[in-house]
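# Observations on the model geometry
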Amino acid sequence: MAQVSLRKIVKAYEGGVQAVKGIDLDIDDHEFVVLVGPSGCGKSTTLRMIAGLEEITSGDISIGGTVVNDIPPRDRDIAMVFQNYALYPHMSVYDNMAFGLMLRKFPKAEIDRRVKEAARILDITPLLDRKPKALSGGQRQRVAMGRAIVRDPKVFLFDEPLSNLDAKLRVQMRTEIKKVHQTVNTTTVYVTHDQVEAMTLADRVVVMNHGIIEQVGPPQELYHNPATKFVAGFIGSPSMNFIPAKVEQASGALRLHLPQGIVLDVPAARTARYQAHAGKDVLFGIRPEHLTDDKPTDKSNTAPITLKPDVIEPMGMETLVHFKLDGTEVSARLDPATPAAVGAPLSLIAHMDQMHLIDPTSDKVL
Amino acid sequence: MAADASTAPIMPSAPNSGRASSLQRLARRRSTIAVLMTIPLLVVLIGLVAYPAGYGIYLSTLNRRMTGFMEGEWLPNGLGNFEILFESETFWAVAWQSCIFAISAVILKALVGFWLAHMLHHIPAKGQRKWRGMLLVPWVIPPALSTLGWWWMFDPAYSSINWLFQVVGIPQVPWLGEKWWARLSIIIVNVWYGAPFFMIMYLAALKSVPEQLYEAAAIDGATSWQRLRYVTLPMMANIISITVLFSLIVTFANYDIVRVLTNGGPRDLTHVFASYAFQVGILSGNIPRGAAVSLFMFPILAICAFFVLRGVTRRNKEQM
Ligand SMILES: Nc1ncnc2c1ncn2[C@@H]1O[C@H](COP(=O)(O)OP(=O)(O)OP(=O)(O)O)[C@@H](O)[C@H]1O
Ligand SMILES: [Mg+2]
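So, here's what we can say about the structure.

Conventions we followed
Residues numbered from 1 in each chain as written. Chains lettered and ligands numbered in written order. Predicted model: local features only at pLDDT ≥ 70, side-chain atom pairs only at ≥ 80, totals over all residues. Heavy atoms only, no water. Helix = DSSP H or I, 4+ residues; strand = E, 2+ residues; numbered from the N terminus. Buried < 20%, exposed > 50% of the residue type's maximum accessible area, 1.4 Å probe, protein only. Contact = heavy atoms within 4.5 Å. Areas by Shrake-Rupley, 256 points an atom, 1.4 Å probe, with all protein chains shown as cover. Lys, Arg positive; Asp, Glu negative; His and termini not counted. Charge placed at Lys NZ, Arg CZ, Asp CG, Glu CD. Near = heavy atom within 4 Å. Polar contact = N/O pair within 3.5 Å; in protein donor to acceptor, adjacent residues only side chain to side chain. Nonpolar A, V, L, I, M, F, W, Y, C, P; charged D, E, K, R; others polar. Pairing = 2+ DSSP bridges. Axes fitted to C-alpha atoms, helices over the stretch in contact; angles between N-to-C directions. Phe/Tyr/Trp six-rings, centres within 6.5 Å; stacked < 30°, edge-to-face > 60°. Lys NZ or Arg CZ within 6 Å of the ring centre and 35° of its normal. Core = buried A, V, L, I, M, F, W, Y, C linked by side-chain atoms within 4.5 Å. Buried area = accessible area lost by both parts, 1.4 Å probe. Salt bridge = Lys/Arg side-chain N within 4 Å of Asp/Glu carboxyl O. Expected span 1.5 Å × (residues − 1). Parallel < 35°, antiparallel > 145°, perpendicular 65-115°, else oblique. Left-handed = near helix turned anticlockwise from the far one by under 90°.

Bringing the overall build of chain A into the picture now. Within chain A one finds 9 helices and 21 strands. Projecting the C-alpha coordinates of chain A onto the three principal axes gives extents of approximately 80 × 45 × 35 Å. Classification of the 366 residues of chain A by burial places 52% in the buried group. Look at the contacts in chain A between residues 6 or more apart in sequence, and 67% of them connect residues 24 or more apart. Here chain A displays about 16000 Å² of accessible surface, and carbon together with sulfur accounts for 50% of that area. Considering chain A, the positive charge centre built from 42 side chains and the negative charge centre built from 44 side chains are found 5 Å apart.

What follows is the structure, given as structure tokens:
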């Protein structure tokens, strides 16, 4: 087990594509870090550079304090789980898991002990004699994890390990992976484009976009205090509403002027923070879950807002309602009991203590 | 089939219309249609395989003038040709030479082909086509023609190879004049001619091995040799065994290279089954004995084919 650190990592593929544009990241011992971001943002490339499968154009990667730039994958003491599992089709499940240990010349008894132990943890003991062909997707996934576990490496690397599974199995295996990490406690770098996976699994989430790191932090931190518009929009589902607004000074307090004459009061606690932006155009960011039906609960830090629903989507435990605000799509998550009808004005409240203001030129959260 | 069984008892009760309708029914049966549809293939197989093979067996039982069966001294009547072959030193030498030639040529072709395929596989796609085309050339030229070229290069009077050797200071080699050198020459030409076939098959097989398996193996700790040993070779096992079998059959029955290069010489020491059969059957005019010689290839190849195909079937079941 070990820390991993990336220093100014750049990857340029031949042909000039800069997949990774100078990222810095420190991963602690035992930590579970998830790299998340849209397709093509350089997550896999970063992971593969840690694994040693991809050359580093510039920068340093160290594992356990040793710079590994020029060390081949087999000497880095890492294990990797691939998206399509990459099990050896000609070997039994047992041999697939034992292979890495066999190459490292472990004694037979030790190999056997470790394989059986991993099989027990992953609940695949009855499958040990089968060939990968005779396994289901979820079972293959477990074997691929078993192959990583038996090695007891310094670092686990996962590249979208769940994206080939159906939705239900994905949720199940997600829990499984979390359980396994709690058992073996190995430093883990996990790549996914699914923000739910990222939020549920990670100790810290690394949000990447266009080859750079947008923000690093624990899931709750990213959710509540996103640093950029990209992170604010990427984390959370459905994603945050961004509404053009103007900040106005009003006798010691600040107000937001939204389209269609909507005016919202900025909570007093935020006044100092936004004071410098008075009179400027900004983006008002609020998550759908913070735009709720007008229930007589604690009304502090809330502002009333009335809108006409465009589309209503009942989901069972909640109802998603979509509005149009001068060309901007806005959505809200409401109690299913709320009587909403398309075109009929609906009074909602905005939880202003959860609001964000974004500078539209720099896309930074203010 | 079940429908046929259930309708059968009804037939006797309608004797008049019975004939016509039972014919119709026969035509409609799935098995009948299946037989009809396989007839063209059966005709081809019978015409091109069964008939020549049967005729070959028949020929091998005749005497030299083909007026009756060849009598044997200790084998039954009709097997006299085989008896004579069993007792002939030349024949056993030919059998040995055929086996040595076929086995060593096939192994060398497989190794050279694999090596070439590996080299090709690792050059970028753009250059690959050009090289692949050039490396396939030996396989495309009719072997009788290219062997003639080789013969020229081996010829004691004009040998360009020997000339090169002389320049570098290596002693002259009697390429076709001494039995081991002559055997080697035949193998060299056969490998030159046949290796591209292995190359192209192995290249296709190499391309079908998923890159991620190599990556997984690299992370698991495999050196490049171990990747070859534990990933590439097992993944290619079927292609390797099928190409080896196929090549073994073709090489065993090789005729043109021996015929053109050495014509069996020196002193019949480089003959293989096919060229010896031709020598005995056509050139010396003993067609039945020539047929007997060529029949010897069959059991040897049949045994090889059995084991190779059994392995292929087993692996297919397990992995694909
Ligand atoms: N071998 C390559 N040669 C050239 N460009 C590449 C190569 N591999 C990846 N890229 C490019 O580098 C960028 C980052 O790719 P990468 O595979 O890291 O994305 P990703 O974040 O893993 O995306 P996804 O979620 O789709 O897997 C992409 O723009 C991609 O087109
Ligand atoms: Mg990827």
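Picking up after the structure, the text goes on.
Residues and elements named next belong to chain A. What surrounds ligand 1 is the set Tyr 13, Ala 19, Ser 39, Gly 40, Cys 41, Gly 42, Lys 43, Ser 44, Thr 45 and Glu 160. For ligand 1, a nitrogen atom lies 3.3 Å from a polar atom in the side chain of Tyr 13. At 3.1 Å, a side-chain N or O of Glu 160 approaches an oxygen atom of ligand 1. When isolated, ligand 1 has an accessible area of 630 Å², and the protein chains bury 61% of it. In terms of residue count, helix H1 (residues 43-51) provides more of the shell around ligand 1 than any other element does, 3 residues in total. Residue classes in the shell around ligand 1 are distributed as 3 nonpolar, 5 polar and 2 charged.

As a further point, take the sheet that holds strand E13 (residues 263-265) of chain A. Residue and element names in this part refer to chain A. Strand order in the open sheet formed by 5 strands is E13-E12-E11-E14-E21, and the pairing between neighbours is antiparallel. Edge positions in the open sheet fall to E13 and strand E21 (356-358), since each of these has one partner strand only. Recorded for the sheet is a direction-independent mean angle of 40° between the axes of neighbouring strands. Judged from the 3 bridges that link them, strand E14 (residues 281-286) and E21 form a sheet pairing that is antiparallel. If you follow Phe 284 over to E21, its bridge partner there is Leu 357.

Describing an aromatic ring pair means giving the distance of the ring centres and the angle of the ring planes. Tallying each qualifying case throughout the model produces 25 aromatic pairs over all chains. On the numbers, 5.9 Å between centres and 80° between planes, the contact of Phe 197 of chain B with Phe 198 of chain B is edge-to-face. Here the two residues Phe 197 of chain B and Phe 198 of chain B agree in accessibility, since each one is buried. Put simply, the rings of Phe 82, Phe 86, Phe 91, Trp 92, Phe 252, Phe 273 and Phe 296 of chain B pair up and form one aromatic cluster. Above the plane of the ring of Phe 242 of chain A lies Lys 229 of chain A, whose end atom (NZ or CZ) is 5.1 Å from the centre.

Let us now look at the nonpolar core. Counting residues in hydrophobic clusters, the biggest one holds 75 residues, and the most contacted among them are Leu 157 of chain A together with Phe 273 of chain B. Counting residues per element, this core draws most heavily on helix H5 (residues 89-121) of chain B, at 10 residues. Setting aside residues no more than four positions away along its own chain, Phe 273 of chain B makes contact with Phe 91, Val 94, Ala 95, Ser 98, Phe 252, Val 293, Phe 296, Met 297 and Ile 300 of chain B. Of all hydrophobic cores here, the second largest spans 47 residues; its members include Met 97, Phe 156, Leu 165 and Met 199 of chain A.

Here we take up the interface of chain A and chain B. By a widely used convention, the size of an interface equals the accessible area lost when the partners come together. Taken together, the 25 residues of chain A in the interface contact 21 residues of chain B. Taken over both partners, the interface formed by chain A and chain B buries close to 2100 Å², and the fraction arising from carbon and sulfur atoms is 60%. Counting across the chain A and chain B interface gives 2 salt bridges. A salt bridge links Asp 220 of chain B to Arg 151 of chain A, with the shortest nitrogen-to-oxygen separation between them at 3.5 Å. Counting every contact that joins chain A to chain B gives 9 residue pairs in polar contact (both at pLDDT 80 or more). Those elements giving two or more residues to the side of chain A that touches chain B turn out to be H1, strand E6 (78-81), helix H2 (93-103) and helix H4 (137-151) of chain A. For the side of chain A that touches chain B, the element with the highest residue contribution is H2 of chain A, accounting for 4 residues. Classifying every residue of the side of chain A that touches chain B gives 15 nonpolar, 3 polar and 7 charged.

Moving on to H5 of chain B. End to end, H5 of chain B covers 47 Å across 33 residues, agreeing with the expected 48 Å (1.5 Å per residue, within 8%). The N-cap residue of H5 of chain B is Ser 88 of chain B: its side-chain oxygen and the backbone nitrogen of Thr 90 of chain B are 3.3 Å apart.

All names here are of chain B. Two numbers describe how helix H9 (residues 179-207) lies on helix H11 (residues 224-252): the axes approach to 10 Å, and their chain directions differ by 150°. Between H9 and H11, the angle is such that the two are roughly antiparallel. Considering how the two elements wind past one another, H9 and H11 form a crossing that is right-handed. Contacts between H9 and H11 pair Asn 190, Phe 197, Phe 198, Met 201, Tyr 202, Ala 205 and Leu 206 from the former with Thr 232, Met 236, Ile 239, Ile 240, Thr 243, Val 244, Phe 246, Ser 247 and Thr 251 from the latter.

For the rest of this paragraph, the subject is unusual backbone geometry. All names here are of chain A. Across the junction of Ser 237 and Pro 238, the peptide omega takes the value -5°, indicating a cis bond. With respect to the helices and strands, Pro 238 occurs in the loop between helix H8 (229-234) and strand E11 (241-250). Phi is positive for Ala 86, which is not a glycine, with a value near 50°. With respect to the helices, strands and loops of the structure, Ala 86 is situated in the loop between E6 and H2. Phi angles above zero are rare outside glycine, and His 210 is one such case at about 50°. Topologically, His 210 is positioned in the loop between strand E9 (204-209) and strand E10 (212-217).

Turning our attention to the environment of Val 67 of chain A. Residues and elements named next belong to chain A. For Val 67, the position within the fold is in strand E5 (residues 66-67). Counting along the chain gives 61 residues from Val 67 to Leu 6, while the straight-line C-alpha distance between them is 9.6 Å. Among all residues touching Val 67, those that are not within four sequence positions of it are Asp 60, Ile 61 and Ser 62.

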